[in-house]
Amino acid sequence: MKLATQTIHFAQESESETGAVTAPIFQTSTFQQIAPGRSRGYDYARTNNPTRARLETVLAGLEGVEHAAVFASGLAAENAIFQAYLSPGDRIIVPPDVYGGTHRLLYQSWRTKGIDIVAVDYENAVSLSAALTTNTRLVWLESPTNPRLLIYDIAAVSAAAHAVGALVVVDNTFATPVFQQPFQLGADIVVHSVTKYLAGHSDVIQGAVLAKDAAVFQPIKFLQNAGGAVPGPFDCWLTLRGLKTLEVRVLRHAENARRIAEALVDHPAVSRVFFPGLADHPGHEIARRQATGFGGIVSIEIDAPLEAVQSFVSNRRYFMLAESLGGVKSLICHPATMTHAAIPAADRTRLGLSDRLVRISPGIEDGSDLVSDLVEGLNALSAIREGESNGASVGAMASGG
Ligand SMILES: *Cc1c(COP(=O)(O)O)cnc(C)c1O
């Protein structure tokens, strides 16, 4: 069964009592028992709920494994992984540009409990093997990364990590199972911010942990119930609904991203375009090898002062100024003052997160509308710069923008 068929048919049988074609929402906190200690498989909804169980089956199928646990957010899912596998003295290796929320959770919370966190540039095999000490428990990967869309070689990093007995976790939020199957590349655990492409409509916060191996999964399943950061049945139902269109959405997101990247790459107001689908992107060949698509996000660096960049992101017709990504509606974000503002300015510079960087999450609107909206705004910035070089007074224009 191909993925687009799977999202409609796998674990989507009608409900047994009424024949309802879609999964019912079991909006209940508890379940009547047949006799003390004898349930019909469900006893309390933190532990399990049929709507949630159906979602977990569907998600596991999408990543090609048997085990999935959903959580109230992507970060709650990540927190369960850290709690399950890290004890004081253990090491976790992360990329330097790990997702901001993951960075905050690890460095501001888990580090204070004696966890050794080491940031390694996975493009550098020598520094990776130097960092892979015997106390390394987890090797954490994202590919593409956020917001610079770097590509890391999941198979190569997994092989190196397994050589010292570490578990490999891939945050597959950006690529989605439509484009990238981390378990086939060596991952032991896959984590998702379901909030983004999987739910897909900017109306749910949710996360998921998936595992290939029952023994690896067991502590995650335990913590889902014991820690209790579970999503409600309605949110699970929204994700089940969103997943049915996963492939058509993701393919359109990616097509729009490609069109935007290609339209902006030679624009005079754009100094750099980050998109793994461009042939000169440093990770282009690896991306082609390990994924079937380049994802739906484009980042650009705008050659203009901060106020002009802020005006550009604030005044788009089809791109709402908002954090998050992966929804049907286009969003635009200024990482330095929004998603990545918590990272100290010096670290931002070191990581290449300049004040001029803009992250674009095209929705599934018509691509030509999206391109025109962006080009129009960038043309206005070029016009300002031209005025500047012609000696015209631009102070008023820039501040009024
Ligand atoms: C959003 C995001 C997260 C965190 O997920 P939440 O659902 O917001 O808690 C983790 N990783 C990546 C790559 C993300 O984009």
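Treat the numbers as computed from the prediction; the structure is a model and nothing was measured. (Residues numbered from 1 in each chain as written. Predicted model: local features only at pLDDT ≥ 70, side-chain atom pairs only at ≥ 80, totals over all residues. Heavy atoms only, no water.)

I'm lost on the side chain of Ser299 in this one. Help?
Within the element layout of this structure, Ser299 appears in strand E9 (residues 298-302). Under the relative-accessibility criterion, Ser299 is labelled buried at 0%. Looking at Ser299, its side chain comes within polar contact range of the main-chain oxygen of Pro147, at 2.5 Å. Among residues more than four places away in sequence, those in contact with Ser299 are Pro147, Leu149, Arg272, Val273, Phe274, Leu357, Val358 and Arg359. (Helix = DSSP H or I, 4+ residues; strand = E, 2+ residues; numbered from the N terminus. Buried < 20%, exposed > 50% of the residue type's maximum accessible area, 1.4 Å probe, protein only. Polar contact = N/O pair within 3.5 Å; in protein donor to acceptor, adjacent residues only side chain to side chain. Contact = heavy atoms within 4.5 Å.)

Mind showing me how you'd approach the packing of helix H3 (residues 74-85) against helix H4 (residues 100-108) here?
Between two packed helices, both the angle of their axes relative to each other and the distance between the axes serve to describe the pair. The contact between H3 and H4 brings their axes to 11 Å, and the two run at 40°. Between H3 and H4, the angle falls in the class oblique. The two elements H3 and H4 cross, and the hand of that crossing is right-handed. Of the residues in H4, those touching H3 at Leu75, Glu78, Asn79 and Phe82 are Gly101, Thr102, Arg104, Leu105 and Leu106. Residues of the contact of H3 with H4, tallied by class, amount to four nonpolar, three polar and two charged. (Axes fitted to C-alpha atoms, helices over the stretch in contact; angles between N-to-C directions. Parallel < 35°, antiparallel > 145°, perpendicular 65-115°, else oblique. Left-handed = near helix turned anticlockwise from the far one by under 90°. Nonpolar A, V, L, I, M, F, W, Y, C, P; charged D, E, K, R; others polar.)

Just checking my understanding: could you explain the pairing of strand E2 (residues 91-94) for this structure?
Along a regular strand, successive side chains alternate from one face of the sheet to the other. Of the two faces of E2, the one holding Arg91 and Ile93 and the one holding Ile92 and Val94 are both buried throughout. Pairing geometry for E2 and strand E3 (residues 116-119), over four bridges, is parallel. For Ile92, the partnering residue across the bridge sits in E3 and is Ile117. As for the winding sense of the linkage, the β-α-β connection from E2 through H4 to E3 is right-handed. Across three bridges, the pairing between E2 and strand E4 (residues 136-142) is parallel. Of the residues in E4, the one forming a bridge with Ile93 is Val139. (Pairing = 2+ DSSP bridges. Right-handed = clockwise from strand over helix to strand, strands pointing away.)

Honestly, the packing of aromatic side chains in this entry has me stumped. Any pointers?
Each aromatic ring pair is specified by the distance between its two centres and by the angle formed by the two planes. Scanning all chains against the criterion turns up six aromatic pairs. Here the aromatic rings of Phe31 and Tyr42 are separated by 5.5 Å at their centres, their planes lie at 35°, and the arrangement is tilted. Taken together, the residues span a long stretch of sequence, with Phe31 in the loop between helix H1 (3-9) and helix H2 (50-62) and Tyr42 in the loop between H1 and H2 at a distance of eleven residues. The interplanar angle of 45° and the centroid separation of 5.1 Å between the aromatic rings of Phe82 and Trp140 together place this pair among those described as tilted. Of the two residues, Phe82 sits in helix H3 while Trp140 sits in strand E4, which places them 58 residues apart along the sequence. Side by side, Phe82 and Trp140 carry an identical accessibility label, which is buried. Through a chain of ring-to-ring contacts, three or more aromatic side chains come together here, namely Phe82, Trp110 and Trp140. (Phe/Tyr/Trp six-rings, centres within 6.5 Å; stacked < 30°, edge-to-face > 60°.)

Just checking my understanding: could you explain the sheet that holds strand E12 (residues 357-361) for this structure?
Whether parallel or antiparallel, the strands of a sheet pair through hydrogen bonds between backbone atoms. Here five strands make up an open sheet; going across it, the order is E8-E9-E12-E11-E10 and the pairing mixed. Where the open sheet ends on each side, the last strands, each with one partner, are strand E8 (270-274) and strand E10 (320-321). Relative to E9, helix H11 (residues 246-264) is tilted by about 20°, and along the sheet it contacts E8, E9 and E12.

Please explain the sheet that holds E4 as it appears in this structure.
Within the open sheet, the seven strands sit side by side as E1-E7-E6-E5-E4-E2-E3. Their pairing is mixed. Pairing within the sheet leaves two strands with one partner each, and these edge strands are strand E1 (67-71) and E3. Averaged over all pairs of adjacent strands, the angle between strand axes in this sheet comes to 20°, irrespective of strand direction. Helix H9 (residues 214-227) contacts E1, strand E5 (167-171), strand E6 (189-193) and strand E7 (207-211) of the sheet and is inclined by roughly 25° relative to E1.

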